[in-house]
Amino acid sequence: MPEPLEYQIIKDLQESLRAISIVSGFFHDVNRVAVKLDADAKIEELIGSSGLRPFIILEIETEIFQHFPSEQLRLRMPFTVHFVNDTDPTEDDDLLRSHLRASADIEKAISVDITRGKLAHETKIVGREKRDYEGQLIWSLISIEILNNRTYGEPNG
């Protein structure tokens, strides 16, 4: 039996983010193991001064089910993409530049295929927020939403 469509969609999103590399026209090189679905799984690879940078965590928010006649369903899947990277505190504009570069990389990565391998209707960025820690670590929060249309009662497609 195939995995649920939503799981396949999330895995496609994860693979898109793992493809972020300077050679492919992005601002960053992201190590494949630094794109996490579970922040607690092997977190030691990410934290501390020797942790992988940048790293990305996909946080799944509360999903919204909208029902239509004939058992049709529109599922709104909101996520927060946490993009964490080191910055240079001696440069006045580095926090903002790093945040906007992270946002640009996420937007470019998810827009390569907004249908997540033809499993979803669309993927879009709906907001972003910049946080920093002690002026040295940028923590960009990029809110995205994936819309999936399917038949209710058929989560595997």
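Just so we're clear, the structure is a prediction, and the values are computed from it rather than from any experiment.

Draft legend 1. Here's a closer look at the pairing of strand 6 (residues 137-151). With respect to burial, strand 6 is a largely interior element, 11 of its 15 residues being buried. The pairing of strand 4 (residues 72-86) with strand 6 spans 15 bridges and is antiparallel. Residue pairing across strands places Met-77 opposite Ile-146, the latter belonging to strand 6. Sheet topology places strand 5 (residues 122-133) next to strand 6; 11 bridges connect them, and they run antiparallel. Each bridged residue has a counterpart across the sheet, and for Tyr-133 the counterpart in strand 6 is Leu-137.

Draft legend 2. Quick look at the packing of helix 1 (residues 5-18) against helix 2 (residues 94-111). Running from N to C, helix 1 and helix 2 cross one another at 125°; their axes reach a closest spacing of 9 Å. If you check the angle between helix 1 and helix 2, you find them oblique. Judged by the sense of rotation from one axis to the other, the crossing of helix 1 with helix 2 is right-handed. Counting all contacts with helix 1, which are made through Leu-13, Ser-16 and Leu-17, the residues of helix 2 involved are Ile-106, Ala-109 and Ile-110.

Draft legend 3. The nonpolar core, seen in detail. Leu-13, Leu-17, Ile-20, Ile-56, Val-81 and Ile-106 are the most contacted members of the largest nonpolar core, which has 23 residues in total. Elements supplying a minimum of two residues to this core: helix 1, strand 2 (55-60), strand 4, helix 2 and strand 6. With 5 residues, strand 4 is the largest single contributor of residues to this core. Here Ile-56 is in contact with Leu-17, Ile-20, Val-30, Ala-34, Val-35, Lys-36, Val-81, His-82, Phe-83 and Ile-106, once residues within four sequence places are set aside.

Draft legend 4. Region of interest: the confidence of the model for the protein. Confidence along the protein averages 91 in pLDDT terms, with 94% of residues attaining 70 or more. Strand 1 (residues 35-36) is the least confidently modelled element of the protein, averaging 92 in pLDDT, while helix 1 averages 96, the highest of any element.

Reading guide: rules and limits
- By convention here, each chain's residues receive numbers from 1 onward along its written sequence.
- Local features in this predicted model are restricted to residues whose pLDDT is 70 or higher, and side-chain atom pairs enter the listing and the counts only when it is 80 or higher, whereas totals over whole chains, interfaces and linings include all residues.
- To get the side-chain values, all heavy atoms of the structure are used, and hydrogens and water are removed first.
- The buried label applies to any residue whose accessible area, calculated with a 1.4 Å probe on protein chains only, is under 20% of its type's maximum; exposed applies above 50%, and partly exposed to all values in between.
- Secondary structure elements are defined from DSSP: runs of H or I of at least 4 residues count as helices, runs of E of at least 2 residues count as strands, and each element is numbered from the N terminus.
- A pair of strands is considered paired only if DSSP assigns at least 2 bridges between the two.
- For helices, the fitted line uses only the C-alpha atoms of the stretch in contact; every axis is such a line through C-alpha atoms, and the angle between N-to-C directions lies from 0 to 180 degrees.
- Angular relationships are summarised with four words: roughly parallel below 35 degrees, roughly antiparallel beyond 145, roughly perpendicular across 65 to 115, and oblique for the angles in between.
- For a crossing to be left-handed, the near helix must be turned anticlockwise from the far one by less than a right angle; the clockwise case is right-handed.
- Any two residues whose heavy atoms approach within 4.5 Å at even a single point are treated as in contact.
- Nonpolar cores were defined as sets of buried Ala, Val, Leu, Ile, Met, Phe, Trp, Tyr and Cys residues, with membership established by side-chain atoms within 4.5 Å.
- Think of pLDDT as the predictor's per-residue confidence, scored from 0 to 100.

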